[in-house]
Amino acid sequence: MTKVMINPGICGFITSAEAVSDDDDTEVKVKVKSGCPSVKKMFEELGDTFDAFEVCLRKPGEGPFFDYAKEHFPVHVSCPILPGIIKCMEVECNLALKKDCEIKFVDE
């Protein structure tokens, strides 16, 4: 099992994701808890089990999560929640290595 915690910033919609893959790392089940109503609704509608390659090995902005978001999410392209969930799934399915990511604002 791979787990991540995503803090998207000013909205405060902290999101956690837990991913578990099958034996050949091609199917992944993800459990998402989020304060974001849009993310909650997305997983209610899309379910929790996905083809790892369909979700993780796509060009930026493509795949089932982004396709759903384009139709149903409010305008907010910089939200890190979906990429964070996908990163969790990638690591669980051995499609990426585990390494923390972050965006920091620098005041100079």
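Above this text you will find the structure in question.
Definitions and limits used
- Residues numbered from 1 in each chain as written.
- Predicted model: local features only at pLDDT ≥ 70, side-chain atom pairs only at ≥ 80, totals over all residues.
- Heavy atoms only, no water.
- Helix = DSSP H or I, 4+ residues; strand = E, 2+ residues; numbered from the N terminus.
- Buried < 20%, exposed > 50% of the residue type's maximum accessible area, 1.4 Å probe, protein only.
- Contact = heavy atoms within 4.5 Å.
- Core = buried A, V, L, I, M, F, W, Y, C linked by side-chain atoms within 4.5 Å.
- Arc of directions from axis to C-beta.
- 1 Å grid on protein atoms, 1.4 Å probe; cavity = no way out; pocket = protein on both sides within 12 Å on 5 of 7 lines; lining within 4 Å.
- Points joined across faces, edges and corners; volume = space filled by probe spheres on them.
- Nonpolar A, V, L, I, M, F, W, Y, C, P; charged D, E, K, R; others polar.

A. How the structure looks around the environment of Thr-15. Tracing the backbone shows Thr-15 in strand S2 (residues 15-21). For Thr-15, a relative accessible area of 0% puts it in the buried group. For the pair Thr-15 and Cys-93, spaced 78 residues apart in the sequence, the C-alpha separation amounts to 20 Å. Those residues in contact with Thr-15 that lie beyond four places of it in its chain are Val-4, Met-5, Ile-6, Val-32, Lys-33, Ser-34, Ile-81 and Ile-85.

B. The nonpolar core, seen in detail. One finds Phe-43, Phe-50, Phe-65, Ile-85 and Met-89 to be the most contacted residues of the largest nonpolar core, which totals 23 residues. For this core, the element with the most residues is helix H4 (residues 81-92), which contributes six residues. Discounting residues that sit within four places of it in the chain, Ile-85 has contacts with Ile-6, Thr-15, Ala-17, Val-30, Val-32, Val-39, Phe-43 and Phe-65.

C. Quick look at helix H1 (residues 37-46). Among the residues making up H1, those that are buried are Ser-38, Val-39, Met-42 and Phe-43. Taken end-on, H1 shows its buried residues confined to a sector of 130°, consistent with a single buried face. Exposed and facing more than 90 degrees away from the buried side of H1 are Pro-37 and Glu-44. Residues of H1 that are buried sit in contact with strand S3 (27-34), strand S4 (49-51), helix H3 (64-72) and H4. One or two positions beyond H1, positive phi appears at Gly-47, with a value near 90°.

D. Broad picture of the layout of surface pockets. Roughly 990 Å³ of volume is contained in the largest pocket. Looking at the largest pocket, it is lined by 37 residues, and the ones nearest its centre are Ile-6, Pro-80, Gly-84, Cys-101 and Glu-102. Looking at the lining of the largest pocket residue by residue, the class counts come to 20 nonpolar, seven polar and ten charged. When its volume is computed, the second largest pocket comes out at roughly 430 Å³. If you trace the second largest pocket, you find 19 residues lining it, with Phe-73, Pro-74, His-76, Val-77 and Cys-79 closest to the centre. For the lining of the second largest pocket, the elements supplying multiple residues, two or more each, are H1, H3 and H4. The class makeup of the residues in the lining of the second largest pocket is 15 nonpolar, three polar and one charged.

The quantities given are spatial measurements derived from coordinates; they are silent on function.
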